[in-house]
Amino acid sequence: MSSLRRQFLQDKAERDRARAAFDTRVADLRADYEQRGIAGRILDEVAEPAADLFDEAVELAARHPGAIAGTLGLIVVWFLRSPLLTLMSHIPGLGGVAQWYEDRQNEKEAPDEEA
């Protein structure tokens, strides 16, 4: 048998083995998709990292409770800024703060007249 024919038969056998491995892998994937479906696979891929992130956030909050409390406090104050400024306007000596904030808001809302 010539070396060219021998090489051809070896290459063909290698190709057949690769094709069989590929077909086996495709069959395994199809069976897995039929069992869990695409939604189940996506949920598996998302759930584990999300749980790890949540655990890390809980650990971080436990190590730095003051920072968490301060951040939450600032968020609350930000959302309540208008009622707080209205309340401050009725307290002697603090009315200027509320007026300053109102003036700033009016400046932002007014269109540029110089243009």
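Before going into details, it helps to say that this report is about the structure given with it. (Residues numbered from 1 in each chain as written. Predicted model: local features only at pLDDT ≥ 70, side-chain atom pairs only at ≥ 80, totals over all residues. Heavy atoms only, no water.)

## Here we look at the overall build of the protein
Item 1. Assigned secondary structure in the protein consists of 4 helices and 0 strands.
Item 2. Helices and strands appear in the protein in the N-to-C order α-α-α-α.
Item 3. Over its C-alpha atoms the protein spans a radius of gyration of 34 Å, topping by over 25% the 13 Å that the globule rule assigns to 115 residues.
Item 4. If you line up the protein on its principal axes, its C-alpha atoms span 105 × 50 × 30 Å.
Item 5. Taking all 115 residues of the protein together, 3% fall into the buried category.
Item 6. If you sum the accessible surface of the protein, you get close to 10,300 Å²; carbon and sulfur atoms cover 61% of it. (Helix = DSSP H or I, 4+ residues; strand = E, 2+ residues; numbered from the N terminus. Rg over C-alpha atoms; globule rule 2.2 N^0.38 Å. Buried < 20%, exposed > 50% of the residue type's maximum accessible area, 1.4 Å probe, protein only. Areas by Shrake-Rupley, 256 points an atom, 1.4 Å probe, with all protein chains shown as cover.)

## Focus: helix α1 (residues 3–63)
Item 1. Spanning 61 residues, α1 covers only 72 Å between terminal C-alpha atoms, well under the ideal 90 Å at 1.5 Å per step.
Item 2. Where α1 bends most, at G37, the angle is about 80 degrees. (Expected span 1.5 Å × (residues − 1). Bend = angle between axes of the 7 residues up to and from the residue.)

## So, a negative patch on the surface
Item 1. Taken together, the side chains of E45, E48, D52, D55 and E56 present a region of like negative charge at the surface.
Item 2. With respect to the element layout, E48 can be found in helix α1. (Patch = residues over 30% accessible without salt bridge, like charges linked within 9 Å, V, L, I, M, F, W, Y side chains within 5 Å. Salt bridge = Lys/Arg side-chain N within 4 Å of Asp/Glu carboxyl O. Lys, Arg positive; Asp, Glu negative; His and termini not counted. Charge placed at Lys NZ, Arg CZ, Asp CG, Glu CD.)

## Description of the environment of F54
Item 1. Within the fold, F54 resides in helix α1.
Item 2. On the accessibility criterion, F54 (55% relative accessible area) is exposed.
Item 3. The spacing of F54 and E109 is 55 residues in sequence and 40 Å in space, taken between C-alpha atoms.

## Quick look at the pattern of salt bridges
Item 1. All told, the structure shown has 3 salt bridges when counted by the stated rule.
Item 2. The partner of D16 in a salt bridge is R15, with the nearest N and O atoms 3.0 Å apart.
Item 3. With relative accessibility at 52%, the residue R15 sits in the exposed group.
Item 4. For R19, the salt bridge goes to D23, with nearest N and O atoms at 3.2 Å. Of this pair, R19 and D23 are both found in helix α1, 4 residues apart, which corresponds to roughly one turn of the helix.

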